[in-house]
Amino acid sequence: MKRFTDSDLSPEILKAIAELGFEKPTPIQAKTIPHLLSSNQDIIATAQTGTGKTAAFGLPSIHLTEIKNKYPQTLVLCPTRELCVQISKDIASYAKFIDGLNVVPIYGGAGVDQQLRALRKGAHIVVGTPGRTKDMVRRKKLTLANIERVILDEADEMLTMGFKEDMEDILAQTPKDKQTLLFSATMSKKIIAITQQYMNNPIEMSVAKVNMGADNLKHLLYMVQAKDRYEVLKRIADMNPNIYGITFCRTRRETKDIANKLMHDGYNADAIHGDLSQAQRDEVMGRFRKRQLQMLVATDVAARGLDVNDLTHVINYNLPDESEIYVHRSGRTGRAGKSGISIAITHTREMYKIKDIEKKARIKFSRELVPSGKDICQKQLLSLIDKIKKVEVDNYQIEQFLPEIYEKLESLDRENLIKHFVSAEFNRFLAYYKNARDINVKSNMPKERGSKNKRERQSRGERRRTPFSSFYINVGSKNNLNPNRLMGLINEGLRSGDAVIGKIEIMKKFSFFELEESKKSLLIKNLNGMDFEGVPLSVELASEKPITSRTNSNDDDSSRKRGRGNRGRDRKRGQKNPSGNWRGKKSGSKKRKKPE
Ligand code: ADP
Ligand code: MG
């Protein structure tokens, strides 16, 4: 079947799907539709998320419905309420031009009255979650005696969610000679075993994975330490102001955690997971669909089957244990020829998972560097400028205020005016990122190409070879010292701006920093006795050994920056140890709020 018109589907159905813009059947539809229209043999169909499975079983079910028989003929079971609502809506839309065909969703967590009324009116196709369906059957509100086909959609997920017994009970109430159809994105041996006793010589249909590795879907990976995962997520969001994506976590708890942090930090995010009430889930999904939410944090189960289009990003906050799940996650973006990005946030110990996914899914990850604070600021600034350029100016409304404004701004020339406007909007962003660390883990980087990267590599190497000395200075955060000001002080002391400065740790009453060894005497000589916020400075060598040789090797290169830059590192406050022995203390960055 190459076109829908090659099949026996009724003109009403063809008209409805043409209106929906379905031009030709998807591969799974091409396989299952002709079979379902002509044979009663059971089917086990496997096809990735987003490949049109609903229409694959929905269209033939509609076609085969005898409208005049006012009893349920098709039963679709699916794992979640969202999916239940979505499937019934989809089927109803395919049946739009068929008078009198009733599709009824029944699911838990919502009042039964309306569902009962709908059933009484005569449902032809019932779409239900196992729990509520079983309930309705038990209460004799739903008879399955005349069911002709049962569809188990996302069957394995129903098992995972503990619906095994409900499913078995329901299936036991259906006629022996019905057709049983199993549709799923993944098919475990377990589900096949369980349904085997209800299935009769099923034919297996699966379609080759589509989309994977296609040009429009890019797989990126960032390698960081586990503790930096969240920071990466934020940077991804900040680097993509128009992000519309799902972040997958492994557990409900992690899902909640991450979503809460994102919300707290001012992002447009929320979570969907099994602990939410149905009403809450509806509410979250509704906002996400309307794009009032930009980032949905979800567990695999909660997000399974949900049809949300045009995602820009799928983010694997944690990689799943099975490569197949990665495929399903990433298949949610880059659909229908649109471009999409699937990102894996990983650490070095997970390389085996990456390799496994690459091999099994036949895709290739490209390892990228986590955007730096500078990259992000640049991106955000340009997007701000675009916004300013594009903004609609209501001449009439603002006219009355303009004279006074012009007068107030008189002293600023064009250049300064621009600086002021941009800063007003942007300062808090800059403040957050000015001390941003490079959180990339350096090992296992693929060979970099291109002169720019080479230069970067060389300069990294240069810095790595630079011998450092560690210093103690008698001012800290209490004196309004921050890494930026400390760098200013050092540069002032050295009367230059090109010293290589290493780690910086700002404590409450004192601080530590590293500086290239060759500038040691000059700095001590010039800085001692200088005034900082009313305090005469005292600078001395903190210890013989530079910090780098005493701390975690993963960190040392990453936080060393050229002196001129704004970056440095802020350590946990309140560590009292002026001898400079702050080894082993966990570094923690100060909580900073992202600007809104
Ligand atoms: P699955 O159940 O396999 O995850 P869905 O049935 O939810 O996929 O379909 C995914 C999306 O593809 C839906 O928006 C649906 O309307 C659309 N779709 C389904 N079949 C076709 C088709 N033949 N042509 C174009 N779009 C289709
Ligand atoms: Mg589906």
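Definitions and limits used
Residues numbered from 1 in each chain as written. Chains lettered and ligands numbered in written order. Predicted model: local features only at pLDDT ≥ 70, side-chain atom pairs only at ≥ 80, totals over all residues. Heavy atoms only, no water. Helix = DSSP H or I, 4+ residues; strand = E, 2+ residues; numbered from the N terminus. Contact = heavy atoms within 4.5 Å. Near = heavy atom within 4 Å. Polar contact = N/O pair within 3.5 Å; in protein donor to acceptor, adjacent residues only side chain to side chain. Areas by Shrake-Rupley, 256 points an atom, 1.4 Å probe, with all protein chains shown as cover. Axes fitted to C-alpha atoms, helices over the stretch in contact; angles between N-to-C directions. Parallel < 35°, antiparallel > 145°, perpendicular 65-115°, else oblique. Nonpolar A, V, L, I, M, F, W, Y, C, P; charged D, E, K, R; others polar. Salt bridge = Lys/Arg side-chain N within 4 Å of Asp/Glu carboxyl O. Buried < 20%, exposed > 50% of the residue type's maximum accessible area, 1.4 Å probe, protein only. Expected span 1.5 Å × (residues − 1). pLDDT = per-residue confidence, 0-100. Pairing = 2+ DSSP bridges. Core = buried A, V, L, I, M, F, W, Y, C linked by side-chain atoms within 4.5 Å. Phe/Tyr/Trp six-rings, centres within 6.5 Å; stacked < 30°, edge-to-face > 60°. Lys NZ or Arg CZ within 6 Å of the ring centre and 35° of its normal.

(A) Representation of the overall build of the chain in the model. Along its length, the chain carries 23 helices and 21 strands. Residue pairs at least 24 apart in sequence account for 77% of intrachain contacts in the chain once pairs closer than 6 positions are excluded.

(B) Main features of the site of ligand 1. Around ligand 1 sit 15 residues, and of these Gln29, Gly50, Lys53, Thr54 and Asp307 come closest. One nitrogen or oxygen atom from the side chain of Gln29 is found 2.8 Å from a nitrogen atom belonging to ligand 1. One nitrogen or oxygen atom from the main chain of Gly52 is found 3.2 Å from an oxygen atom belonging to ligand 1. For ligand 1, whose free accessible area comes to 570 Å², the fraction covered by protein is 82%.

(C) Layout of the packing of helix 4 (residues 81–94) against helix 12 (residues 278–289). In the contact formed by helix 4 and helix 12, the axes pass within 10 Å of each other and the chain directions differ by 55°. The angle between helix 4 and helix 12 places the two elements in the oblique class. Residues Arg81, Glu82 and Gln86 of helix 4 touch helix 12, and the partners they reach there are Gln278, Ala279, Arg281, Asp282, Met285 and Arg289. Its residues assigned to classes, the contact of helix 4 with helix 12 comprises 2 nonpolar, 2 polar and 5 charged.

(D) Main features of the pattern of salt bridges. Summed over the entire model, instances satisfying the criterion amount to 25 salt bridges. In this structure, Asp275 and Lys256 form a salt bridge, with 2.9 Å as the shortest nitrogen-oxygen distance. Of this pair, Asp275 sits in the loop between strand 10 (269–272) and helix 12 while Lys256 is found in helix 11 (residues 252–264), placing the two residues 19 residues apart along the sequence. Among the residues examined, Lys256 registers a relative accessible area of 33% and is labelled partly exposed. The residue Asp321 makes a salt bridge to Lys353 at a minimum N-O spacing of 3.3 Å. Linking Asp321 in the loop between strand 12 (313–316) and helix 14 (323–330) with Lys353 in helix 15 (residues 351–361), this pair joins segments that are 32 residues apart in sequence. Residue Asp321 is classed as exposed on the basis of its relative accessible area, which comes to 60%. A cluster of three or more residues bridged by salt bridges with shared partners is formed by Lys134, Asp166 and Asp169.

(E) Representation of helix 21 (residues 483–494) within the structure. Over its 12 residues, helix 21 extends 16 Å from the first C-alpha to the last, a length consistent with the 16 Å expected when each residue adds 1.5 Å. Taken together, the buried positions of helix 21 are Pro483, Leu486, Met487, Leu489, Ile490, Asn491, Gly493 and Leu494. One side-chain oxygen at the N-terminal end of helix 21 lies 2.7 Å from the backbone nitrogen of Arg485; it belongs to Asn482. Directly after helix 21, the chain includes Arg495, whose backbone phi takes a positive value near 55°.

(F) Examining the environment of Asp282 more closely. Note on placement: Asp282 falls in helix 12. Judged by relative accessible area, Asp282 falls into the partly exposed class, the value being 30%. Along the sequence, Asp282 and Glu82 sit 200 residues apart, while their C-alpha atoms lie 7.2 Å from each other. The contacts of Asp282, once residues within four sequence positions are left out, are Arg81 and Glu82.

(G) A look at the confidence of the model for the chain. Mean pLDDT over the chain stands at 81; residues scoring 70 or higher make up 84%. This model gives residues 446–464 a pLDDT under 50, and the stretch forms 14 contacts once residues within four places in sequence are excluded. Note that residues 545–596 has pLDDT below 50 and, in this model, 130 contacts with residues that lie over four places away or in other chains.

(H) Representation of the environment of Pro11 within the structure. In this structure, Pro11 sits in helix 1 (residues 11–19). In sequence terms Pro11 and His63 are 52 residues apart; their C-alpha atoms lie 10.0 Å from each other.

(I) Main features of unusual backbone geometry. Positive phi outside glycine occurs at Asn201, with the angle close to 45°. A positive phi angle is found at Glu533, which is not glycine, with a value near 50°. Since its relative accessible area comes to 43%, Glu533 is described here as partly exposed.

(J) Quick look at helix 10 (residues 229–239). Counting buried positions along helix 10 gives 10 out of 11 residues, so the element sits mostly inside the fold. All buried positions along helix 10 are accounted for by Arg229, Tyr230, Glu231, Val232, Leu233, Lys234, Arg235, Ile236, Ala237 and Asp238.

(K) Representation of the sheet that holds strand 14 (residues 366–367). With parallel pairing, the 7 strands of this open sheet are ordered in space as 10-11-9-12-13-8-14. Lying at the two open borders of the sheet, with one neighbouring strand each, are strand 10 and strand 14. By the bridge criterion, 2 bridges tie strand 8 (residues 217–223) to strand 14 in an arrangement that is parallel. Bridging from a neighbouring strand, Leu220 pairs with Ser366 of strand 14. Along the sheet face, helix 12 touches strand 9 (245–249), strand 10 and strand 11 (295–299) and points at about 135° away from the line of strand 10.

(L) Looking closely at the pairing of strand 4 (residues 125–128). Burial of the side chains of strand 4 extends over both faces: Ile125 and Val127 are buried on one face and Val126 and Gly128 on the other. Where strand 2 (residues 74–77) lies against strand 4, 4 bridges are found, and the strand directions are parallel. By the bridge assignment for strand 4, Thr74 is matched with Ile125. Pairing of strand 3 (residues 103–106) with strand 4 involves 4 bridges; the strand directions are parallel.

(M) Focus on the sheet that holds strand 2. Spatial ordering of the open sheet is given by 3-4-2-5-6-1-7, a layout of 7 strands whose pairing is parallel. Strands with a single pairing partner mark the edges of an open sheet, and in this sheet they are strand 3 and strand 7 (203–206). With strand direction ignored, the average angle separating the axes of adjacent strands in the sheet is 15°.

(N) Representation of the nonpolar core in the model. Grouped together as the largest cluster of nonpolar side chains are 36 residues, with contacts concentrated most on Leu9, Leu59, Ile62, Ile87, Ile91 and Val127. At the level of secondary structure, the elements contributing two or more residues to this core comprise helix 1, helix 2 (27–38), strand 1 (43–46), helix 3 (53–64), helix 4, strand 4 and strand 6 (179–184). Here Ile62 is in contact with Ile13, Ile91, Tyr94, Ala95, Ile98, Leu101 and Ile125, once residues within four sequence places are set aside.

(O) Region of interest: the pairing of strand 8. The element strand 8 is largely enclosed, with a buried count of 6 among its 7 residues. Pairing of strand 8 with strand 13 (residues 340–346), which is carried by 7 bridges, proceeds in the parallel orientation. Each bridged residue has a counterpart across the sheet, and for His219 the counterpart in strand 13 is Ser342.

(P) The side chain of Ser184, seen in detail. Here Ser184 shows up in strand 6. The residues contacting Ser184, other than those within four sequence positions of it, are Ala45, Thr46, Ala47, Lys53, Glu154, Ala155, Asp156 and Arg304.

(Q) Structural detail: the packing of aromatic side chains. Considering all chains together, one arrives at 8 aromatic pairs under this definition. An aromatic cluster of at least three residues, connected via ring pairs, comprises Tyr472, Phe510 and Phe512. In this structure, Lys15 is placed above the aromatic ring of Phe97, and the distance from its NZ or CZ to the ring centre is 4.1 Å.

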